[in-house]
Amino acid sequence: MINIFTDKSYINEGNRKIVFPLLFDLLFLKNRNLLDKYNLVSTLLEADIAIVPVDISYYFQTKQKDQLFNFIDGANLLYKKVWVYSAGDFGITLNKNVYTFRLGGFESKFDEKTFIMPSFINDPYAAFDKDFVPLIKSEFPRIGFVGHASGSYLKKAKELFNFGNHNIKRLFKKAFSDYQSFYPSSCIRFNFLTVLRKNNCIQTDFILRNHYRAGASNENEKKETTKVFFDTIFNNPYTFCMRGGGNFSVRFYETLAMGRIPLVVDTDFRLPLHNSVLWKNHCIIVSENNIEKGLIDFHKNITENQFLQLQINNRNLWLNYLQREAYFHEMYLVFKK
């Protein structure tokens, strides 16, 4: 069992959405499987790991940076490992002796104390009118995508404006995150999807939206767009996945959860459990100039049985490693050593 200490004064209903995800399971949901592995202790001296209780950006936004650093420094003085959670599209890198859990960022800038968390989504099949079944291999690769993608100059101008606005806020300490270069993701995504569409050796099932969730404004519209989204993943063995505003893709995890195969564009990302999961056995990772060839070659070289088994393996990967409880079970094994 791992003994953990945190500052429980931050664990309240108001902070429910920003609590370190493991603490959410332990203190809000009382997850028995995780409570058998992680023991909450009342003093730092008893702890193996000290966990900063909420997303670290909260301390910057509320001018409590000193409290954050005092917590970390106090744990370091007692030679305790410190876990911090950096939420949001961009995240924050601290120049401190900590283990950082975050959703995205850049592999080239990470050290070995940076852990990528999956997007902790609900099981799509729990609210879907279908059960998981693997799809048989067809002659040509069949790939789906439903989402935000636009090639208009107006859209690129809007993304440039948002980029500049965010960095002005960073400059004046109104927003707190790592710097990222300008990356108009919806425009770049549109260009890649257009290339795939034009290839006669690829079957595409694409629905391109000008707005997130097609601009759905009420529950019925959201329900319908969600159904179309998951229907398209379900009906196609491959799904096109690429980063959005942050350098990660929620669609990537949704594809795995449905037992399908992500075609993911490498944008210098790190994937979860990168030291234990052999990701090339679960997805097609392609460079920006090798998207068509990467998909076609993969499909040509995989056997029908391997094709079926890969979909089963991906569904099991999500169930057994990428759900929140399963992920922190893996973290327990890493830090228990």
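Relevant structure appears above.
Predicted model only: the values in this text are computed from it and were never measured. (Residues numbered from 1 in each chain as written. Predicted model: local features only at pLDDT ≥ 70, side-chain atom pairs only at ≥ 80, totals over all residues. Heavy atoms only, no water.)

Caption draft 1: Focus on the overall build of the protein. Per the secondary structure count, the protein includes 11 helices and 11 strands. For the protein, the C-alpha radius of gyration of 21 Å lies close to 20 Å, the compact-globule estimate for 337 residues. In the protein, buried positions account for 50% of the 337 residues. Of the roughly 17000 Å² that the protein leaves accessible, carbon and sulfur atoms contribute 52%. In the protein, 43 side chains carry a positive charge and 33 a negative one; their mean positions are 4 Å apart. (Helix = DSSP H or I, 4+ residues; strand = E, 2+ residues; numbered from the N terminus. Rg over C-alpha atoms; globule rule 2.2 N^0.38 Å. Buried < 20%, exposed > 50% of the residue type's maximum accessible area, 1.4 Å probe, protein only. Areas by Shrake-Rupley, 256 points an atom, 1.4 Å probe, with all protein chains shown as cover. Lys, Arg positive; Asp, Glu negative; His and termini not counted. Charge placed at Lys NZ, Arg CZ, Asp CG, Glu CD.)

Caption draft 2: Representation of the sheet that holds strand E8 (residues 203-209) within the structure. In space, the five strands of this open sheet follow the order E8-E7-E9-E10-E11, with parallel pairing throughout. A single partner strand is all that each edge strand has here, and the edge strands are E8 and strand E11 (284-286). Averaged over all adjacent pairs, the angle separating strand axes in this sheet is 20°, with direction ignored. Along the sheet, helix H6 (residues 185-198) contacts strand E7 (142-148), E8, strand E9 (238-241) and strand E10 (261-265); its crossing angle with E8, the most-contacted strand, is approximately 155°. (Pairing = 2+ DSSP bridges. Axes fitted to C-alpha atoms, helices over the stretch in contact; angles between N-to-C directions. Contact = heavy atoms within 4.5 Å.)

Caption draft 3: Looking closely at empty space enclosed by the protein. A full pass over the atoms with the stated rule returns one cavity of 30 Å³ or more. Lining the largest cavity are 13 residues; nearest its centre among them are Asn247, Phe248, Ser249, Phe269 and Leu271. Elements with a contribution of two residues or more to the lining of the largest cavity: helix H8 (250-257) and E10. (1 Å grid on protein atoms, 1.4 Å probe; cavity = no way out; pocket = protein on both sides within 12 Å on 5 of 7 lines; lining within 4 Å. Points joined across faces, edges and corners; volume = space filled by probe spheres on them.)

Caption draft 4: Summary view of the pairing of E9. Across the two faces of E9 the burial is the same, with Tyr238 and Phe240 and Thr239 and Cys241 all buried. As paired strands, E7 and E9 are joined by two bridges and run parallel to one another. Residue Ile143 lies in a different strand from E9, and its bridge partner there is Tyr238.

Caption draft 5: Here's a closer look at the pattern of salt bridges. Per the stated rule, a full pass over the model turns up 12 salt bridges. Measuring nitrogen to oxygen at the nearest pair gives 3.1 Å for the salt bridge that ties Asp178 to Arg102. Taken together, the residues span a long stretch of sequence, with Asp178 in the loop between helix H5 (153-171) and H6 and Arg102 in strand E5 (residues 99-102) at a distance of 76 residues. Ionic pairing is found between Asp297 and Lys293, a salt bridge with its closest N-O pair at 2.6 Å. Of the two residues, Asp297 and Lys293 are both situated in helix H9 (residues 291-301); the distance of four residues between them amounts to about one turn of the helix. Taking relative accessible area as the criterion, Asp297 reaches 23% and is therefore assigned partly exposed. The class of Lys293 is exposed, set by a relative accessible area of 52%. (Salt bridge = Lys/Arg side-chain N within 4 Å of Asp/Glu carboxyl O.)

Caption draft 6: Local environment of the side chain of Glu330. By the secondary structure assignment, Glu330 is in helix H11 (residues 324-336). Note on Glu330: relative accessible area 14%, which makes it buried. The contact partners of Glu330, leaving out residues within four places of it in the chain, are Leu273 and Tyr321.

Caption draft 7: Quick look at the packing of aromatic side chains. Per the counting criterion, the structure on display carries 36 aromatic pairs. Where Phe60 meets Phe69, the ring centres are 6.4 Å apart and the plane angle is 80°; that geometry is what we call edge-to-face. According to the relative accessible area criterion, Phe60 is buried, its value standing at 15%. Between the aromatic rings of Tyr125 and Phe132, the centroid separation amounts to 6.3 Å while the plane-to-plane angle is 65°, which identifies the pairing as edge-to-face. With relative accessibility at 23%, the residue Phe132 sits in the partly exposed group. Among the aromatic side chains, those forming a connected cluster through ring pairs are Phe20, Tyr38, Trp83, Tyr85, Tyr99, Phe101, Phe115, Phe120, Tyr327, Phe328, Tyr332 and Phe335. The cationic tip of Lys96 hangs over the ring face of Phe69; the distance from NZ or CZ to the ring centre is 4.8 Å. Sitting over the face of the ring of Tyr99, Lys113 holds its NZ or CZ atom 5.0 Å from the ring centroid. (Phe/Tyr/Trp six-rings, centres within 6.5 Å; stacked < 30°, edge-to-face > 60°. Lys NZ or Arg CZ within 6 Å of the ring centre and 35° of its normal.)

So, to be careful, I would describe these as geometric facts and stop short of saying anything about function.
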